[in-house]
Amino acid sequence: MKFARGPLQRTKQRIPERWRRPITVDPIAWNGAATALSIVGWFLAITTALQLALTHFAWERALGVGAAIGLAVVGALLALLLVRLLRRGPLRFWWSVLLTAAILTIAYGLVVSPKGFAATLAAVIASAALLGGGAAMLRAKGYTRLRAATTAIGALGALALTVAYLSPGWGQPTTLAWSPQSVAALELPNPGVAGPLTVETLSYGGGKDLHRKAFGVDAALISETVDGSHLIDGWSGLSGWARTQYWGFDAKQLPLQGRVWFPKGDGPFPLVLMVHGNHDMEDFSDPGYAYLGELFASRGIIAVSVDENFLNSSFADLLGGFKGGLEKENDARAWMLLEHLRLWRQWNRDPQNRFHGKVDLDRVALIGHSRGGEAVAIAALFNRLPFYPDDSRVVFDYGFNLRGVIAIAPSDEQYEPRSQATEFDDISYLVIQGSRDGDVQSYMGSAQYSRVGFDECDTCFKAGLYLLDANHGQFNTSWGRNDLSDVWGRALNLVTIMDPDAQRNVAKVLFGAFLEVVLNDRGEYRAFLETPASGRAWLGQNVQFVNEYSAADETPIANFDEDADLTTGSIPGVQISGTGLARWYETQLPLKWNDLATESAAIGWHRTDDAKPPELRIDLDATPDLDRQLSFSLAMSDKSPLEEDADWKMPDSIDFHVVLTDRNGREASIALSSLQLLYKPIEVTTRKLAFLDTVDPSEPIFQRYAIPLQSIEGIDGRNIATMRFRFDATPAGLIYLDDVAMARDPLAGG
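Residues numbered from 1 in each chain as written. Predicted model: local features only at pLDDT ≥ 70, side-chain atom pairs only at ≥ 80, totals over all residues. Heavy atoms only, no water.

**Student:** How do you make sense of the pairing of strand 21 (residues 615-619) when you look at a structure like this?
**Tutor:** The side chains of a regular strand alternate between the sheet's two faces. Here strand 18 (residues 575-579) runs beside strand 21; their pairing, made up of five bridges, is antiparallel. Following the sheet pairing, Ile576 is matched in strand 21 by Ile618. Sheet analysis places strand 21 next to strand 28 (residues 720-726), joined by five bridges and oriented antiparallel. Bridge pairing links Arg617 to Arg724 in strand 28. (Pairing = 2+ DSSP bridges. Helix = DSSP H or I, 4+ residues; strand = E, 2+ residues; numbered from the N terminus.)

The following block contains the structure:
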């Protein structure tokens, strides 16, 4: 009896017989592929080891690199045991595959996304295997088209990978149809140029530094050591031994060391401490802020670049395994800063010291970069505490008059006192972040910005600047363009980063203005920090940025943090309502790595041509006293305003009208575009290929807007009854709104 053939059988019969034969690989091809992969694996191992060990060479570092390579080899051997039961092909081939994978994990996989690493690993293995196997077959059995094609494909793949690895990158810096905020230029001296004072420099240290004469035999002042063992975890085991061998001390004898730039004269002068973040500890980071130290000193400020290189990571940490090294040491970085301030207080009181009476300790500021940027915020908290939050045996007795904190591309929440994010009040705060930061890829400083509050200080403020095309390292001249190590940095695209001098010029202008305000009481520079576009001539005409600002002397109308009621504002008598909106809810702004700690209003609309424009309305029971300008912060979302909309296309920019009505019923309408359009989230990738990036390409960044009410004709700006956000220009969109307030106009005086 015959059975009818099914569709699968009929389809199978139509396939030519030569295509239905099982694929077999000649042993010669297996051996050729294994040889090629072995060469790739050992070449990667040797070159990676040499690059990591010889860069800033130290025996302790070389031992750590050797330990890492050894761990990779052991891992490959263990994995080889697992494939014995499932192998297809000789063990020599699988050993070569696993060795290559293990070395790539160390050299490359830790700084790219999982999918990007998987694709890279597959490309390396496939290219080497095809090239080696094809070449072996050509040599042993002669030419065929298939063997030649296999070899050529492998060779082209290997060439493409080599070019991608060695190339600095490709593409162009960010180009946007960017209309900067339209404001008048400030008629003030540029705060980023050198001042009139003569600058002198010296260094202080323990006098016994094993690697730097500036802190050893050339130290002008000999300082003491401090015991940081209660704040530091991980200075132990083999990695701790290597750290002690390199530096010549352990956590119980940390030296207070710094490079000082100071103005010639009697003073007293304000004091600024600057601290670096994490970097290879053998590649010393503290000299990298000389350009800032010289600027500040010329303008009448003592500047100190604090040495905390001994708290940085090293490849010697790998002697303790992949989890070797110091753990969550940012609290120790903060504490060290306060110990430096204590030392300066002693020197200022000591008649025998050259800085006796020359330091104005009522005017102190801190600047931190990367982990140092988080450390300065922690120091602001510790400065007012009686004990270390994690160990009451460590007594704090600081109480310095800390007026300002500047954070450069800071990390956040690596240290959490009592498992909570760091908060501090009544200190002015400034944060700057680059969009092409290959290390701290998320604007984590905006999270700390959201946690800075003002209770008693009525002159304090906070400001943030998101600088397009700036990277992480160029704020420190020692770090430069490569935000990662020499090996890992091969993943980064260095071509699209802005010019290093231009990036550092922004830092000088921004920090110079901030310190003029908080240390020298030059309040007129607040106008620049509030609206950096007013100093575009100082920053550079091609510099692009997004900025936010908030001050203690503002009267909040709606910051959306007070309760879960969408209709209530931040002061009594404020009522909020919506008409025709597609979405309206309160949420924490989603960053690439975390969410902001504060709430904002998400507002979406999807208007048809014949419909009344959607609105968000805010009614005021009484107009606040500080009514010189209405300020608010906006960010565009890339989400659809509708719950489900597969065809949604985010607009390049958003425009709408802010409609103000006074208590006499008179109305004025201001187009957002008359101030500045709201642009879509800035999308950038820091790696050469987008799929290698470890995070999303964009995150919403708040842009601050301000409407001077006294300049609006036809209404009484001191007697506003209602403000409406009327979405009548862009047909559809979703935005975040925050920090609606009545604020002082810095250009109006008073």
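**Student:** Mind showing me how you'd approach the packing of aromatic side chains here?
**Tutor:** To describe a pair of aromatic rings, one takes the distance between the centres and the angle between the planes. Enumeration over the complete set of coordinates arrives at 28 aromatic pairs. Pairing Tyr246 with Trp247 gives two aromatic rings, centres 4.9 Å apart and planes at 90°, and the pair type is edge-to-face. Assigned by exposure class, Tyr246 and Trp247 land together as buried. Between the aromatic rings of Phe656 and Phe725, the centroid separation amounts to 6.1 Å while the plane-to-plane angle is 70°, which identifies the pairing as edge-to-face. Separated by 69 residues along the polypeptide, Phe656 in the loop between strand 23 (653-654) and strand 24 (657-662) and Phe725 in strand 28 bring together distant segments of the chain. Per residue, the accessibility class of Phe656 equals that of Phe725, and both read buried. Taken together through their ring pairs, the aromatic side chains of Trp235, Tyr246, Trp247, Phe249, Phe284 and Phe310 make up a single cluster. When the ring centre of Tyr291 is taken as reference, the NZ or CZ atom of Arg504 above it lies at 5.9 Å. (Phe/Tyr/Trp six-rings, centres within 6.5 Å; stacked < 30°, edge-to-face > 60°. Buried < 20%, exposed > 50% of the residue type's maximum accessible area, 1.4 Å probe, protein only. Lys NZ or Arg CZ within 6 Å of the ring centre and 35° of its normal.)

**Student:** How should helix 6 (residues 114-141) be read in this particular structure?
**Tutor:** Helix length check: helix 6 (28 residues) gives 39 Å between terminal C-alpha atoms against 40 Å at 1.5 Å per residue, within 8%. Gly142 sits one or two positions beyond helix 6 and adopts a positive phi of about 90°. (Expected span 1.5 Å × (residues − 1).)

**Student:** Honestly, the layout of surface pockets in this entry has me stumped. Any pointers?
**Tutor:** Using a probe with the size of a water molecule, rolled over the atoms, empty space left in the structure can be pinpointed. Of the pockets and cavities examined, the largest pocket occupies roughly 1200 Å³. Taken together, 42 residues make up the lining of the largest pocket; nearest its centre are Asn278, Ser313, Arg371, Asp439 and Trp488. Residues that form the lining of the largest pocket fall into these classes: 15 nonpolar, 17 polar and ten charged. Lining the second largest pocket we find 31 residues, and of these Leu44, Val124, Leu161, Thr162 and Tyr165 sit closest to its centre. If you list the elements that add at least two residues to the lining of the second largest pocket, you get helix 3 (27-54), helix 5 (91-107), helix 6 and helix 7 (145-166). Take the lining of the second largest pocket: its biggest share by element is nine residues, from helix 3. Each residue belonging to the lining of the second largest pocket can be placed in one class, and the counts come to 22 nonpolar, seven polar and two charged. (1 Å grid on protein atoms, 1.4 Å probe; cavity = no way out; pocket = protein on both sides within 12 Å on 5 of 7 lines; lining within 4 Å. Points joined across faces, edges and corners; volume = space filled by probe spheres on them. Nonpolar A, V, L, I, M, F, W, Y, C, P; charged D, E, K, R; others polar.)

**Student:** Can you help me understand a negative patch on the surface in this one?
**Tutor:** Taken together, the side chains of Glu423, Asp425, Asp455 and Glu456 present a region of like negative charge at the surface. Along the chain, the position of Glu456 falls in the loop between strand 14 (452-453) and strand 15 (461-467). (Patch = residues over 30% accessible without salt bridge, like charges linked within 9 Å, V, L, I, M, F, W, Y side chains within 5 Å. Areas by Shrake-Rupley, 256 points an atom, 1.4 Å probe, with all protein chains shown as cover. Salt bridge = Lys/Arg side-chain N within 4 Å of Asp/Glu carboxyl O. Lys, Arg positive; Asp, Glu negative; His and termini not counted. Charge placed at Lys NZ, Arg CZ, Asp CG, Glu CD.)

**Student:** It is not clear to me how the pattern of salt bridges should be interpreted in this structure. Could you clarify?
**Tutor:** A pair can form between side chains of opposite charge whenever their charged atoms are brought close. Inspection of the entire model under this criterion finds 31 salt bridges. When the shortest N-O distance is used, the salt bridge between Arg333 and Glu329 registers 2.8 Å. A single burial state applies to Arg333 and to Glu329, both of which are buried. A network of salt bridges, in which partner residues are shared, links Asp209, Arg212, Arg259, Asp286 and Asp307.

**Student:** Explanation requested: a nonpolar patch on the surface in the structure shown.
**Tutor:** Taken together, the side chains of Trp42, Ile46 and Leu50 present a nonpolar region at the surface, about 300 Å² in accessible area. Structurally, Ile46 is set in helix 3.

**Student:** I tried to follow the environment of Ala251 on my own but got confused; where do I start?
**Tutor:** When you line up the elements, Ala251 lands in the loop between helix 8 (237-247) and strand 4 (254-255). The buried category is assigned to Ala251, whose relative accessible area is 8%. Apart from the residues lying within four places of it in its own chain, the contact partners of Ala251 are Val226, Asp227, Gly228, Ser229, Ile232 and Trp235. (Contact = heavy atoms within 4.5 Å.)

**Student:** Just checking my understanding: could you explain the packing of helix 6 against helix 7 for this structure?
**Tutor:** Taken N-terminus to C-terminus, the directions of helix 6 and helix 7 make an angle of 145°; their axes are 7 Å apart at the nearest point. Crossing hand, helix 6 versus helix 7: left-handed. For the pair helix 6 and helix 7, contact is made by Ala123, Val124, Ser127, Leu130, Leu131, Gly134, Ala135, Met137, Leu138 and Lys141 and by Arg147, Ala148, Thr150, Thr151, Ile153, Gly154, Ala155, Gly157, Ala158 and Leu161, respectively. Residues belonging to the contact of helix 6 with helix 7 are distributed by class as follows: twelve nonpolar, six polar and two charged. (Axes fitted to C-alpha atoms, helices over the stretch in contact; angles between N-to-C directions. Left-handed = near helix turned anticlockwise from the far one by under 90°.)

**Student:** I tried to follow unusual backbone geometry on my own but got confused; where do I start?
**Tutor:** Most peptide bonds adopt trans geometry, and most residues besides glycine take a negative phi value. Between Gly267 and the following residue, Pro268, the backbone shows a cis peptide bond with an omega angle of 0°. Structurally, Pro268 can be placed in the loop between strand 5 (258-263) and strand 6 (269-275). Phi angles above zero are rare outside glycine, and Asp521 is one such case at about 55°. With respect to the element layout, Asp521 can be found in the loop between helix 13 (500-518) and helix 14 (526-530).

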